[in-house]
Amino acid sequence: MQILHPFAGSITQYAEEISDPDRYRPGHCPQCEAKQPLTGHGFYCRTLVDLAFDGVIRVRRYLCRICKRTVSLLPEFALPWLRFGISVIALFLVARLLKVATLAAAALAAGQSAMPYQRGQFWIRRFQKQAPVLSLALAALAAPPAAADFVSRALRMLESMGWITAHRFLFSRLHAHLLGWPACLAPVGRRITLPAACHSS
Ligand SMILES: [Zn+2]
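Residues numbered from 1 in each chain as written. Predicted model: local features only at pLDDT ≥ 70, side-chain atom pairs only at ≥ 80, totals over all residues. Heavy atoms only, no water.

So, about the side chain of Arg46. Among the structural elements, Arg46 can be located in strand 2 (residues 39-50). Despite its burial, Arg46 remains without a salt bridge, the nearest opposite charge being carried by Asp50 at 9.1 Å. A distance of 2.5 Å separates the side chain of Arg46 from the backbone oxygen of Leu82, its partner in a polar contact. For Arg46, the residues in contact, after removing those within four places along its chain, are Gly55, Val56, Ile57, Val59, Leu74, Ala78, Leu79, Pro80, Trp81, Leu82 and Arg83. (Helix = DSSP H or I, 4+ residues; strand = E, 2+ residues; numbered from the N terminus. Buried < 20%, exposed > 50% of the residue type's maximum accessible area, 1.4 Å probe, protein only. Lys, Arg positive; Asp, Glu negative; His and termini not counted. Salt bridge = Lys/Arg side-chain N within 4 Å of Asp/Glu carboxyl O. Polar contact = N/O pair within 3.5 Å; in protein donor to acceptor, adjacent residues only side chain to side chain. Contact = heavy atoms within 4.5 Å.)

Set out below in structure tokens:
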């Protein structure tokens, strides 16, 4: 399973910090709840495109000796299964969907001037589909703004609370993804449960 590594510095600082397996070693297993520290189990590599980075990052992995399962510590500026970091996608979606920029101008705002337009359209489609779930879920953290539709409501809430803060809440508490899980990766058997007060909003 993946858990999030709360990390606010640069990607270079992240790379240095995770070299030490003790630094963020989980004190218990999040899968079987065994109360003993997990064992360092190397890294896996993944690609990441962020505002000032385009390359491969290492993701620290730990092993639980009791249930024999691994836990990886995904840095919270990255999204599971997507190569592009949260900051890039956020700048693109806000420019395109809130400020109504053209696809090309939105890509430029996200620092991706050479990006194929299909990629941006893919993000937009995923976000539009996920917007009702996001609007309801994030109402637990922030008062929903008056907005014409779910898409602008979700975007305004994400902008006000911060995308990474929202991602941390959605992922850790609800196993929800900012852009929705592809069907093959949807966490099996997990349903998003929302506080009762949210249903009327
Ligand atoms: Zn375990």
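Formed by 40 residues in total, the largest nonpolar core has its most connected members in Phe92, Leu93, Trp123, Phe127, Leu138, Trp163 and Leu170. Elements with a contribution of two residues or more to this core: helix 2 (86-98), helix 3 (103-109), helix 4 (117-138), helix 5 (150-161) and helix 6 (163-174). Ranked by the residues each element gives to this core, the list is headed by helix 2, at eight residues. The contacts of Trp163, once residues within four sequence positions are left out, are Ile86, Ala90, Leu93, Val94, Phe127, Leu155, Leu158 and Leu178. Counting residues in hydrophobic clusters, the runner-up holds 12 residues, among them Leu4, Leu48, Leu74 and Phe171. (Core = buried A, V, L, I, M, F, W, Y, C linked by side-chain atoms within 4.5 Å.)

Glancing now at the coordination of the zinc ion. Protein-derived ligands of the zinc ion are Cys29 (SG), Cys32 (SG), Cys64 (SG) and Cys67 (SG), with the metal-ligand distances lying across 2.3 Å. For the zinc ion, the four donor atoms in the first shell make angles of 105 to 114° at the metal, so the coordination geometry reads as tetrahedral. Each donor residue of the zinc ion belongs to the same chain, with the gaps between them written as C-x2-C-x31-C-x2-C. Its relative accessible area of 2% is what places Cys64 among the buried residues. (Donors = N, O, S within 2.8 Å, 3.2 Å for Na, K, Ca; no water. Tetrahedral: all angles 85-135°; square planar, octahedral: opposite > 155°, others 65-115°.)

An α-helix turns once per 3.6 residues; consequently, residues spaced three or four apart project the same way. In helix 4, a bend of some 50° at Ala131 exceeds every other bend along the element, and Pro132, a proline, comes one to four places later. Where helix 4 is concerned, the buried positions are Gly120, Trp123, Ile124, Arg126, Phe127, Gln130, Ala131, Leu134, Ser135, Ala137 and Leu138. Taken together, the buried residues of helix 4 touch helix 2, helix 3, helix 5 and helix 6. (Bend = angle between axes of the 7 residues up to and from the residue.)

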